Structures are given as structure tokens and as C-alpha cells.
Amino acid sequence: MTVPNALPGPHAHLLDLSGRTALVTGAAGGIGRACTLRLAAAGAKVRAVDLDAPGLAELASQAQGLAGTVEPHVLDLTDLDAAEHAAAGTDVLVNNAGLQLVRPIEEFPPDVFHTVLTVMLEAPFRLIRGALPHMYGQGWGRIVNVSSVHGLRASAFKSAYVAAKHGLEGLSKTAALEGAPHGVTSNCVNPAYVRTPLVERQLTDQAQAHGIPEERVLTEVLLQDSAVKRLIEPEEVAEAVAYLCGPHASFVTGTSLVLDGGWTAH
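Attention here is on the structure that accompanies the text. None of these values were measured; they are calculated from a predicted model.

### Here we look at the state of the cysteines
Working definition: the covalent bond between the sulfur atoms of two cysteines is a disulfide.
Working step 1: Tallied over the full model, the rule gives 0 disulfides.
Working step 2: No disulfide involves Cys-35; its sulfur sits 8.5 Å from that of Cys-245, the nearest cysteine.
Working step 3: Cys-188 carries a free sulfur, and the closest cysteine sulfur to it, the one in Cys-35, is 13 Å from it.
Working step 4: Residue class for Cys-188 comes out buried when judged on its relative accessible area of 1%.

What follows is the structure, encoded as C-alpha cells:
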């Protein structure tokens, strides 16, 4: 019995996405940038979606010379109809875009809560909805949802982010169950704190929320529950995403690939 889509011989570990179209949200920086470059290096034509037009232009320039291409696509994910339309015809969908605000629930602005849930849960639903007809039609597709350790564990002062990531976990599993008969896998990647602008911007908010100086936030708050005392690099997350897109991961679906330095081992 052969493994569907497997590459033969000693090259089975290589990722070849030549002829495939990928879409990555939040592509202009951090994890999204790393994922875009990794998939383009594997030969994919990547639709790089973000609000940051200059960041996308820089990303496209950085991708010059790779096996695949990067096509900048400036898009506000709160425009849900546009998000769904943008996903049409994609073979690989990476739902990565996110935002964060650290506040106690009683002080959390309802409009920000709504925006976080829209960008990080409702937009992924609409993107998946837009991508599935093409994936089902060809009998192959890869959905990778960049979740978080906060999709599995809660932290104080992050009600919107934790709620969105927990919801994304459920959405991903549902997509996996529905997609399996059509050759479509859906998984989450769950990093702890990654060296990104999103995390760096948390230092001030966390210092205020916990009443400690910023220089103590990294060791006493962000890395407190991690056995490995460092931030994860975006490229490490991108490799996990690439693994889930490869032929050797065709039986991996409906699960969460945790990169948390031992956080959830507690």
C-alpha cells in the first residue's frame, strides 16, 4: 500500500509545493513572514495577506530568487467577504494573523474583544470556507491554523486572545473531520512565546498588568511556565507549518502540534 502524495526514496522528507498556491495571513512580519518565505522556498505561489503594504513590499523583495513567488495582497481581515473571496483557489491556507491586548476582563474594551474574535476566529472560518471548494474539487488541501499554547491553556488578562485561540482549535478539528474524505487536512500549530513584534509589544502591557518592571516580564511572566527558557524563533514555527504541508504528514489531521518548550507538560 502506498502513501498518497508521498515522494519516493531518500527525498521523501523534502517539501515540494511547485504548482501549488498558498495563502498566508499576517504575512508582513513575524511568524507570517517566516511561513511565507518557507512556502515560497518550497516552490509555492504565496498570496501574502496583511494590512501592512510597506511590509508586504519588503517581503516580496526578500523572496526574490526563491523557487516560488510572493504576491502581496493588502487586505483588512475584518472585511469578511473580501477574506473569503481572497481564499478562492488556494491549495494551502495558513491562518496566522492575530492581535493582542492585555487587560483584566472588567477593563477590556468590548470593541477590541469583538475585533480580536473577528480577525482571529471569524476570518479564519471565512478563509477556510472560501478555500474548501477548490481543495475538495482537486482532492487535496492543507489548512494550518497558527494557534498558540493559549489555545490549550489560559492566562490571566488575555480574555479575547485565549477565547479566539480556543475557538480556532475547535474550528480546526471540525474542518479536519469534514475534510478527511476529500484529502484535506486541518491542524493547529501551538507555539509558546515567539520572538515577534506582537510579543515585544506585550512587555509594557504585561508590566502594567502585573505591576512589575518591563525587564522582569520576560523571565517572570512570559517564560515562567516554559521549561526551555527562551523565545521561539519564527523560523522554527514555519518549519512546523511546512511539515504539516508535506506528503509525509498526510495522516496528521485534527490535531495540535505543540511547540511550547514544555509549558503544557505541567
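### Some words on the packing of aromatic side chains
The way to describe two aromatic rings as a pair is by their centre distance and the angle between their planes.
Working step 1: For the coordinates displayed, the defined rule picks out 2 aromatic pairs.
Working step 2: Positioned above the aromatic ring of Trp-140, the side-chain terminus of Arg-20 is 3.8 Å from the ring centre.

### Here's the deal with the pattern of salt bridges
Working step 1: The tally for this structure, following the rule as stated, stands at 7 salt bridges.
Working step 2: Across the pair Glu-233 and Arg-195 runs a salt bridge whose closest N-O atoms are separated by 2.9 Å. Within this pair, whereas Glu-233 is found in the loop between helix H7 (214-222) and helix H8 (234-245), its partner Arg-195 is found in the loop between strand E6 (184-191) and helix H6 (197-210), the two being separated by 38 residues in sequence.
Working step 3: Assessed through its relative accessible area of 42%, Arg-195 is described here as partly exposed.
Working step 4: Among the salt bridges present, the one from Arg-230 reaches Glu-236, with a minimum N-O distance of 3.0 Å.
Working step 5: Look at the salt bridges and you will find they share partners, linking Asp-81, Glu-84, Arg-126 and Arg-129 into a network.

### Topic: helix H4 (residues 110-138)
Working step 1: Under the 1.5 Å per step criterion, the end-to-end length of H4 is 41 Å for 29 residues, consistent within 8% with the ideal 42 Å.
Working step 2: By the largest-angle criterion, Thr-118 marks the main kink of H4, which is about 40 degrees.
Working step 3: Of the residues flanking the end of H4, it is Gly-139, one or two places downstream, whose phi is positive at about 75 degrees.

### Quick word on the nonpolar core
Working step 1: Ranked by size, the top nonpolar core spans 48 residues in total, and within it Leu-39 and Val-94 carry the most contacts.
Working step 2: Top element by residues in this core is H8. It accounts for 7 residues.
Working step 3: Grouped together as the second largest cluster of nonpolar side chains are 30 residues, Leu-23, Leu-80, Val-119 and Ala-123 included.

Definitions and cut-offs
- Residues numbered from 1 in each chain as written.
- Predicted model: local features only at pLDDT ≥ 70, side-chain atom pairs only at ≥ 80, totals over all residues.
- Heavy atoms only, no water.
- Disulfide = S-S within 2.5 Å.
- Buried < 20%, exposed > 50% of the residue type's maximum accessible area, 1.4 Å probe, protein only.
- Phe/Tyr/Trp six-rings, centres within 6.5 Å; stacked < 30°, edge-to-face > 60°.
- Lys NZ or Arg CZ within 6 Å of the ring centre and 35° of its normal.
- Salt bridge = Lys/Arg side-chain N within 4 Å of Asp/Glu carboxyl O.
- Helix = DSSP H or I, 4+ residues; strand = E, 2+ residues; numbered from the N terminus.
- Expected span 1.5 Å × (residues − 1).
- Bend = angle between axes of the 7 residues up to and from the residue.
- Core = buried A, V, L, I, M, F, W, Y, C linked by side-chain atoms within 4.5 Å.

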